[in-house]
Amino acid sequence: MSSFVVLVINLLVWEKMKEKVHFSPVLLDPNTASRRLYLSDDLTSVRRGETFQQLPDNPERNMKYASVFGSEGFRSGKHSWEVEVGDHPIWNIGVAKESVNRKGECSASPKDGFWCLSHYNGKYINCDGQTVTVTKSLQKIRVQLDYDRGEVSFYNPEDMTHIYTHKDTFTEKLLPYFNVGESEDAKTSKLQICPTD
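It should be emphasised that the depicted structure is a prediction, and the values quoted were computed from it without experimental measurement.

**Student:** Sorry if this is basic, but what is going on with the sheet that holds strand β3 (residues 67–69) here?
**Tutor:** Paired through backbone hydrogen bonds, the strands of a sheet run either parallel or antiparallel to each other. If you walk across this open sheet you meet the six strands as β3-β12-β5-β6-β7-β8, and the pairing is antiparallel. One side of each edge strand has no neighbouring strand; the edge strands of this open sheet are β3 and β8 (131–132). In terms of strand pairing, strand β5 (residues 91–97) meets strand β12 (residues 174–180) through seven bridges, oriented antiparallel. Each residue of the ladder has a partner; that of A96, found in β12, is L175.

**Student:** Looking at this model, I keep getting lost on the sheet that holds strand β1 (residues 37–39). Mind explaining?
**Tutor:** Here we have seven strands laid out as an open sheet, ordered β1-β2-β13-β4-β9-β10-β11, and antiparallel in their pairing. Looking at strand neighbours, the two that pair on one side only are β1 and β11 (161–167), the edges of this open sheet. In this sheet, adjacent strand axes meet at a mean angle of 20 degrees when their direction is disregarded. Looking at chain direction, strand β4 (residues 78–84) and strand β9 (residues 140–146) are connected through seven bridges and run antiparallel. Residue pairing in the sheet places E84 in a bridge with K140 of β9.

**Student:** Explanation requested: unusual backbone geometry in the structure shown.
**Tutor:** The phi angle of most residues is negative, glycine excepted, and most peptide bonds adopt the trans form. With phi around 55 degrees, N121 is a residue other than glycine that occupies positive phi space. Within the secondary structure layout, N121 lies in the loop between β6 (114–120) and β7 (123–126).

**Student:** Is there a simple way to explain the packing of aromatic side chains in this structure?
**Tutor:** In this description, an aromatic ring pair is defined by two values, namely the gap between the centres and the angle between the planes. Using the criterion set out here, one finds seven aromatic pairs in the structure. With centroids separated by 6.2 Å and ring planes inclined at 55 degrees, the aromatic side chains of W91 and Y124 adopt a geometry described as tilted. Taken as a pair, W91 in strand β5 and Y124 in strand β7 lie far apart in primary sequence, 33 residues in all. For Y124, a relative accessible area of 7% gives the class buried. Among the aromatic residues, ring-to-ring pairing joins F69, F114 and Y177 into one connected group. Taking the ring centre of F52 as reference, the NZ or CZ of R36 above it sits at 5.0 Å. Positioned above the aromatic ring of Y38, the side-chain terminus of R47 is 4.7 Å from the ring centre.

**Student:** Help me understand the pattern of salt bridges, please; the structure alone is not making it clear to me.
**Tutor:** Side chains that differ in sign of charge can pair as their charged atoms come close. One pass over the structure, following the stated rule, counts nine salt bridges. A salt bridge links R36 to E182, with the nearest nitrogen and oxygen atoms 3.9 Å apart. Placement of R36 in the loop between α1 (3–20) and β1 and of E182 in the loop between β12 and β13 (190–193) is noted, with a sequence separation of 146 residues between them. By relative accessible area, which is 14% here, R36 ends up buried. Classification of E182 by relative accessible area gives partly exposed; the value is 44%. R149 is the partner of E151 in a salt bridge, and the nearest nitrogen-oxygen pair spans 3.7 Å. On the accessibility criterion, E151 (13% relative accessible area) is buried.

Rules used in this analysis
- Residues numbered from 1 in each chain as written.
- Predicted model: local features only at pLDDT ≥ 70, side-chain atom pairs only at ≥ 80, totals over all residues.
- Heavy atoms only, no water.
- Pairing = 2+ DSSP bridges.
- Helix = DSSP H or I, 4+ residues; strand = E, 2+ residues; numbered from the N terminus.
- Axes fitted to C-alpha atoms, helices over the stretch in contact; angles between N-to-C directions.
- Phe/Tyr/Trp six-rings, centres within 6.5 Å; stacked < 30°, edge-to-face > 60°.
- Buried < 20%, exposed > 50% of the residue type's maximum accessible area, 1.4 Å probe, protein only.
- Lys NZ or Arg CZ within 6 Å of the ring centre and 35° of its normal.
- Salt bridge = Lys/Arg side-chain N within 4 Å of Asp/Glu carboxyl O.

In structure tokens form, the structure reads like this:
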């Protein structure tokens, strides 16, 4: 078989593989996960459990709140990821400074190093504590970070409707941030990071 034919076959195999392979833009860091949280084996989804797991209280671990961070942080550039929230009733999604307080009291607000969108009591709330108006309940959230411009934006990825943007000055590494409340009787029990091609 000529090397050209082998090359063509390899290209065809690669094209077929690319159709099946999806990459997660964010992987969860198990070392930061609260003892209340259970991560999927592939580190792309998180749910809140009924019981606390026996996990070491390492420096990175969130001990006070049911939070987990992404395994890779950002110091520059543009980054985005989508999270499937379905009908899960209580969550916070966004970014957090690497240096946030992981062991004690803090609020999910910029003064404590969090820029996020929250869902609670059927309302969507920005990190300044203001209710954000959305036309329909959101199944997925797109988080878009433009580090250099100091913007964290949230969109409905179904039609790219803008939900809200927070502007600030970032001076340290930012990590993807997820906080998960109890799913109660919702169909959706976990937050799932959506794959990208």
